[in-house]
Amino acid sequence: MTCIAKKCGIRFQPPSVILIYKDKDKTRRRIMPVRNFSQYSDCGIAAEQLKNNPRHKAYLEGVSLRQLKKLHSLLRGHLRGESLAESLEKIQQEETIDPEEDMNKLDDKELAKRKSIMDELFEKNRKKKDDPDFIYDIEVEFPQDEQLESCGWDVESCEEV
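Residues numbered from 1 in each chain as written. Predicted model: local features only at pLDDT ≥ 70, side-chain atom pairs only at ≥ 80, totals over all residues. Heavy atoms only, no water.

Per an unreviewed UniProt entry, the protein chain goes by the name Centrosomal protein of 19 kDa and belongs to Chrysolophus pictus. Taken from UniProt, the Sequence similarities (unreviewed entry) comment for the protein chain reads in full: "Belongs to the CEP19 family." (UniProt positions renumbered as here; feature names shortened; annotations may be inferred.)

Below, the structure is given as structure tokens:
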């Protein structure tokens, strides 16, 4: 079976994930109910269970686990009584990385989450050989208008030697 996922969304009542996909030359819709999901459920586990469900596995191959987690987060926010805008804002906040944040203070799970976000952003912005604006060897001259600042640690290390 060759299914190409086109769109994936969520329906709040009854809770279900809706997939619009192309099967051969027809566009079809599949409604997958989300069972045993409450406001206290873990979105990651629920998304994995749905993706690995034998009935839906073939259809959800083209849908990333990250997108399914986001949809489950929206559903959980709805069950908690949050508006759609609030849930989307909360998800957006979780997806962005603060450059001033100290990653050394994070636990392993949060660090892995931040790293996966950075990897995804890198892959999205990366220039590939097939891109039309790809240039193989770029040389950039940086302006030296300002006086270079000397670092305090550099001066001290020279005196010790």
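There's more to say after this.
A. Region of interest: the side chain of S73. Mapped onto the elements, S73 comes out in helix α2 (residues 65-79). Ignoring anything within four residues of it in the chain, the contact list for S73 reads C43 and I91. (Helix = DSSP H or I, 4+ residues; strand = E, 2+ residues; numbered from the N terminus. Contact = heavy atoms within 4.5 Å.)

B. Quick peek at the sheet that holds strand β1 (residues 3-11). Reading across the sheet, the 3 strands line up as β1-β2-β3 and stay open at both edges, with antiparallel pairing between neighbours. Of all strands in the sheet, those bounded by a partner on one side alone are β1 and β3 (26-33). Along the sheet, successive strands turn relative to each other by an average axial angle of 20°, direction set aside. Sitting on the sheet, α2 is in contact with β1 and β2 (16-23), with an inclination near 20° to β1. (Pairing = 2+ DSSP bridges. Axes fitted to C-alpha atoms, helices over the stretch in contact; angles between N-to-C directions.)

C. Highlighting the confidence of the model for the protein chain. The pLDDT averaged across the protein chain works out to 87; a share of 89% of its residues lies at or above 70. No element of the protein chain has a lower mean pLDDT than helix α5 (residues 152-160), which averages 59, and none a higher one than β3, which averages 95. (pLDDT = per-residue confidence, 0-100.)

D. A look at the packing of α2 against helix α3 (residues 84-95). Closest axis-to-axis distance for the α2/α3 pair is 9 Å, and the angle between their directions is 140°. Judged by the angle between their axes, α2 and α3 are oblique. The chirality of how α2 crosses α3 is right-handed. The residues of α3 that touch α2, namely those facing R66, K70, S73, L74, G77 and H78, are L84, S87, L88, I91 and E95. (Parallel < 35°, antiparallel > 145°, perpendicular 65-115°, else oblique. Left-handed = near helix turned anticlockwise from the far one by under 90°.)

E. Inspection of the environment of I20 at higher detail. Positionally, I20 belongs in strand β2. By relative accessible area, I20 is classed as partly exposed at 29%. Note: C-alpha distance between I20 and K7 (13 residues apart in sequence) is 5.0 Å. Setting aside its immediate chain neighbours within four residues, I20 contacts A5, K6, K7, T27, R28 and R29. (Buried < 20%, exposed > 50% of the residue type's maximum accessible area, 1.4 Å probe, protein only.)

F. Just α2, in detail. Look at α2: 21 Å from first C-alpha to last across 15 residues, which is about the 21 Å you get at 1.5 Å a residue. Its buried side turned inward, α2 meets β1, β2, α1 (43-52) and α3. (Expected span 1.5 Å × (residues − 1).)

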